[in-house]
2 protein chains.
Amino acid sequence: MATIKEVAQRAGVSIRTVSRVLNDNPYVADATRECVLRVIQELDFRPSAAARYMRTGQSQLIGFLTDELAQNAFSYDLIIGAQQTAWERQKLLFLLNTGNDPHVERRAINMMRDHQVEGIIYATMYHREIIRSQFPEDIPVVLVNCFADDRSLPSIVPDEIGGGRLATETLLNQGHRRVGFVNVAAQEPAPLGRMAGYRQALANYGIPFDAALVRFIEEPFEGLATSTYDCVLSLLEMDDPPTAIFCFNDMMALGAYDAVRKSNLRIPEDVAIIGYDNVEILAAQIHPPLTTIELPNFEMGRLAVRMLLGEAGSIQDGRPGQHMIECPLIVRGSV
Amino acid sequence: MATIKEVAQRAGVSIRTVSRVLNDNPYVADATRECVLRVIQELDFRPSAAARYMRTGQSQLIGFLTDELAQNAFSYDLIIGAQQTAWERQKLLFLLNTGNDPHVERRAINMMRDHQVEGIIYATMYHREIIRSQFPEDIPVVLVNCFADDRSLPSIVPDEIGGGRLATETLLNQGHRRVGFVNVAAQEPAPLGRMAGYRQALANYGIPFDAALVRFIEEPFEGLATSTYDCVLSLLEMDDPPTAIFCFNDMMALGAYDAVRKSNLRIPEDVAIIGYDNVEILAAQIHPPLTTIELPNFEMGRLAVRMLLGEAGSIQDGRPGQHMIECPLIVRGSV
DNA sequence: CCCTACCTTGCCAACGATGGCAGAAATTGC
DNA sequence: GCAATTTCTGCCATCGTTGGCAAGGTAGGG
């Protein structure tokens, strides 16, 4: 690859002049600029980012660290949103997936430091709390789908309570009064929050909470859809069965569909179903298409980059911003 | 962040000695080495990859370019396989998704050149031919899921014919003699190859090809599962209906499931179904779990990195290696 | 005791770019 | 026509690291 030196030689000017052309410095004669630009094109020259970084200290690099997220096709849009936003700002994204292994994580962060990233975005598969001390103090960090134990890092998390409420209210709005909820049994923000939202929605509509309508899938969460199938069957066999079911996620809705069909009921006429996550290849393809709550992954990725670069509230009231992103309703045909 | 200079000062040695410690040069006295290592740890020093590159010309960076692939959660394992393999070799992966826009693609390649990537892996969403001239001559390129018009770039593609044959033979092996095939209507390697494999399998078993058993979904490919639903319904309504159906991909199998159920038939007892792609969140979750042909994405990502680094046949018989990867059968419960 | 190795260390140049400064050339104002 | 200003250009140092080379020190052998 050509260097600035060769360009200078071939154009018959000094290196400094070429550098000025590259950086749009106004103090270059038009004729000179044109000549230099022509040579640059001829040689297909591009200035070395590494060398430029040496002088300027601007690496234009952003680290994107994920735990298991990337292994699990769900939240791909998060990466795309971040990548696109970074790209618009002439930054490049490093991608590293750690498999949630703390040792790998440390090495990954070190590797990113080696490459002088301007900051690190850390995104988790499941909404959870993370430990602040695993991140270095001297690099900006933005958390996605998780938050620091001491809230000392800016973070972006989905509004689980709002989402749970929205899902439930969507069903209540259609006149349903017996709304089942198939949740997962874990003390994490997602199941707890969506549960809270479910209860809020019932309260808003003046409907008493009925614990019999709420079922929990126990760990391990293998074969989620199958476990949900069993849950929903038992819900539908109740004396006073639900006419609508809120599933913790779209994969589980798949199991719910099977259970409803097995019971010779129709969706949405006899039983309405609503999911969560908006996994397109599931939700848009099953029949009838699944109405669901979207995890706004693209937007979260986008915001993460903007916060990292200081464009958006990485600081709120003098403390690291803790952002809650609304989860919108995606209307399809299952309600 | 600390630099090598500060480490040297604090340890009371020259910069060169610190460099020697960093690079495991044997000519360092044990006492000195220990002292330097202690200071390195104290200052949490890490050598700058950019500066190191300046001297050595080794950037340790690999570009990973995708067209639409990354937007579509299918082939995530490809990226993970590449990332993990790169990581084992102390390399970092740049990820860029171009959305198949040639303008964006050019810019992406330029950005990667700016950062002195040691090579570029270009992966496409669909198996297809690409134009050689869009890539620079002076950087190693490995193609995944695509191949150059003039075969002048090493490439890795799935063996579509073998996969189609394997899928069909799996069904024939179970005693099925009327095997339907729901394909997509496109002049691309995947549908053409799988079709060829289907015919080969029939021939191997001495079963005459019946065009009535093969259906094509026309473009646009929106709502693939729904279109497949209609196709499969009409297949099952034939006088001599198929007892097994090979679906071009897993999403389409979802539609096939619905059609079979609609016809009051059981899977796999009355109708066996086999898919293609092994999209886990679909195939493993639906009921019964889908038997399918796997696109070995992880392995393809892995091989791509190894080829790029010259570890594996990037050259075969003096020409760029064109690798065909076998697609293995994943047995679940639908056959 | 000296010579020869080898071990250990440090100095300097270099990678490819940009910033500061100074000098040369061109332009302006009187 | 000359000084003052503006425009344009080039030289040198610098970023953080490693390679080449040389020099000082230590030990071993004769």
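Since this is a predicted model, take the numbers as computed values, not measurements.

Colleague: Looking at this model, I keep getting lost on the relation of the copies chain B and chain A. Mind explaining?
Modeller: Superposing chain B onto chain A takes a rotation of 180° combined with a translation of 0.0 Å along the rotation axis, leaving an RMSD of 0.1 Å. Taken together, the rotation angle and the small translation identify this as a two-fold axis. Comparing contact sets, 98% of the residues at the interface of chain B also lie at the interface in chain A, consistent with an isologous, same-surface contact.

Colleague: Could you clarify how one ought to interpret the protein's contact with DNA strand D in this entry?
Modeller: In the vicinity of DNA strand D there are 28 residues, among which A:Arg20, A:Thr32, B:Ile4, B:Ser19 and B:Arg55 approach most closely. Backbone sugar and phosphate groups make up 58% of those atoms of DNA strand D lying within 4 Å of the protein. Note that a phosphate oxygen of DNA strand D is positioned 2.9 Å from one of the backbone N or O atoms of A:Ser14. A:Thr32 places a polar side-chain atom, nitrogen or oxygen, 2.5 Å from a phosphate oxygen of DNA strand D. Among the secondary structure elements, those contributing two or more residues to the surface near DNA strand D are helix 2 (15-22) and helix 4 (49-56) of chain A together with helix 2 (15-22) and helix 4 (49-56) of chain B. Per-element tally for the surface near DNA strand D: the top contributor is helix 4 of chain B, with five residues. Looking at the surface near DNA strand D, its residues break down into 13 nonpolar, eight polar and seven charged.

Colleague: Help me out: how do you make sense of the packing of aromatic side chains in this one?
Modeller: For any pair of aromatic rings, the description consists of the separation of the ring centres together with the inter-plane angle of the planes. Following the criterion strictly, the structure yields eleven aromatic pairs over all chains and no others. On the numbers, 4.8 Å between centres and 5° between planes, the contact of A:Phe94 with B:Phe94 is stacked. Pair noted here: A:Phe94 is in strand 2 (residues 92-97) and B:Phe94 is in strand 2 (residues 92-97), and the two residues belong to different chains. Their ring planes at 5° and their centres at 4.5 Å tell us that A:Phe181 and A:Phe246 sit as a pair that is stacked. You can see A:Phe181 sitting in strand 6 (residues 179-184) and its partner A:Phe246 sitting in strand 8 (residues 244-247), a full 65 residues away along the chain. The residues A:Phe181 and A:Phe246 share a single accessibility class, namely buried.

Colleague: Would you mind going over the sheet that holds strand 10 (residues 291-294) of chain B with me for this structure?
Modeller: Hydrogen bonds between backbone groups are what pair the strands of a sheet, and the pairing can be parallel or antiparallel. All names here are of chain B. Taken together, six strands build an open sheet; the order of strands is 7-6-8-9-10-14 and the sheet is mixed. Both outer strands of the open sheet, strand 7 (214-217) and strand 14 (329-330), are each paired with one neighbouring strand and no more. Each of strand 6 (179-184), strand 7 and strand 8 (244-247) touches helix 9 (residues 224-236); the most contacted strand, strand 7, lies at about 155° to it.

Colleague: What is the right way to read the pairing of strand 8 of chain B from this model?
Modeller: Successive side chains on a regular strand alternate, one facing one side of the sheet and the next facing the other. Residues and elements named next belong to chain B. Of the two faces of strand 8, the one carrying Ala244 and Phe246 and the one carrying Ile245 and Cys247 are both buried. For strand 6 and strand 8, the ladder comprises four bridges, and the chain directions are parallel. Along strand 8, the bridge assignment pairs glycine 180 with isoleucine 245. For strand 8 and strand 9 (residues 272-277), the ladder comprises three bridges, and the chain directions are parallel. Bridge assignment links phenylalanine 246 to a residue of strand 9, and that residue is isoleucine 274. For the segment spanning strand 8, helix 10 (residues 250-262) and strand 9, crossover handedness is right-handed.

Colleague: What should I look at first to understand the nonpolar core in this one?
Modeller: Within soluble globular proteins, side chains that are nonpolar tend to cluster in buried spots. A:Ile273 and B:Ile273 are the most contacted members of the largest nonpolar core, which totals 104 residues. If near-sequence neighbours (up to four positions away) are discounted, A:Ile273 is found in contact with A:Ile245, A:Cys247, A:Ala253, A:Ala256, A:Tyr257, A:Val260, A:Ile267, A:Leu290, A:Thr291, A:Ser334 and A:Val335. With 46 residues, the next largest nonpolar core counts A:Ile62, A:Ala123, A:Val144 and A:Leu303 among its residues.

Colleague: Sorry if this is basic, but what is going on with the pairing of strand 7 (residues 214-217) of chain A here?
Modeller: Residues and elements named next belong to chain A. Pairing geometry for strand 6 and strand 7, over four bridges, is parallel. Bridging across to strand 7, asparagine 183 finds its partner in phenylalanine 216. Handedness of the β-α-β unit built from strand 6, helix 8 (residues 189-204) and strand 7 comes out right-handed.

Colleague: Is there a simple way to think about the domain arrangement of chain A in this case?
Modeller: It is common to give the size of an interface as the accessible area that goes away when the parts come together. Residue and element names in this part refer to chain A. Assigned domains of chain A: these are domain 1 (4-47), domain 2 (61-157 + 298-325) and domain 3 (160-294). Every contact between the two is made by four residues of domain 2 and, on the other side, seven residues of domain 3. Between domain 2 and domain 3, a total of about 460 Å² is buried, with carbon and sulfur atoms accounting for 71% of that surface. Inspection of the domain 2/domain 3 interface yields zero salt bridges.

Colleague: Please explain helix 9 of chain B as it appears in this structure.
Modeller: Note that an α-helix has 3.6 residues per turn; residues three or four places apart therefore point the same way. Residue and element names in this part refer to chain B. Relative to the 18 Å expected for 13 residues at 1.5 Å per residue, helix 9 spans 18 Å between its end C-alpha atoms, a close match to the ideal helical length. Every buried residue belonging to helix 9 is among Leu224, Ala225, Thr228, Tyr229, Cys231, Val232, Leu233, Leu235 and Leu236, and all of these are buried. For helix 9, the secondary structure elements touched by its buried residues are strand 6, strand 7, strand 8 and helix 10.

Colleague: Is there a simple way to think about the pattern of salt bridges in this case?
Modeller: Residues and elements named next belong to chain A. In this structure the tally under the stated criterion is 36 salt bridges over all chains. A salt bridge links glutamate 280 to arginine 332; the shortest N-O distance between them is 3.8 Å. Residue glutamate 280 is located in helix 11 (residues 280-283), and its partner arginine 332 is located in the segment after strand 14 (329-330); the two are separated by 52 residues in the primary sequence. Given the relative accessible area of 48%, glutamate 280 is considered partly exposed. Among the ionic contacts, a cluster of salt bridges with common partners joins Glu88, Arg89, Arg302, Arg306 and Glu311.

Colleague: Would you mind going over the interface of chain B and chain A with me for this structure?
Modeller: The partner chain A presents 53 residues to the 54 residues of chain B that form the contact. Summing the contributions of chain B and of chain A, the shared interface buries around 5300 Å²; its carbon and sulfur component is 64%. It is B:Trp87, B:Ile281 and B:Gln285 that lose the most area in chain B upon contact with chain A, and together they represent 14% of the buried surface on that side. The tally of links from chain B across to chain A stands at six salt bridges.

Rules used throughout
Residues numbered from 1 in each chain as written. Chains lettered and ligands numbered in written order. Predicted model: local features only at pLDDT ≥ 70, side-chain atom pairs only at ≥ 80, totals over all residues. Heavy atoms only, no water. Least-squares fit on C-alpha atoms with pLDDT ≥ 70 in both. Contact = heavy atoms within 4.5 Å. Near = heavy atom within 4 Å. Polar contact = N/O pair within 3.5 Å; in protein donor to acceptor, adjacent residues only side chain to side chain. Helix = DSSP H or I, 4+ residues; strand = E, 2+ residues; numbered from the N terminus. Nonpolar A, V, L, I, M, F, W, Y, C, P; charged D, E, K, R; others polar. Phe/Tyr/Trp six-rings, centres within 6.5 Å; stacked < 30°, edge-to-face > 60°. Buried < 20%, exposed > 50% of the residue type's maximum accessible area, 1.4 Å probe, protein only. Pairing = 2+ DSSP bridges. Axes fitted to C-alpha atoms, helices over the stretch in contact; angles between N-to-C directions. Right-handed = clockwise from strand over helix to strand, strands pointing away. Core = buried A, V, L, I, M, F, W, Y, C linked by side-chain atoms within 4.5 Å. Domains from an automatic or database assignment. Buried area = accessible area lost by both parts, 1.4 Å probe. Salt bridge = Lys/Arg side-chain N within 4 Å of Asp/Glu carboxyl O. Expected span 1.5 Å × (residues − 1).

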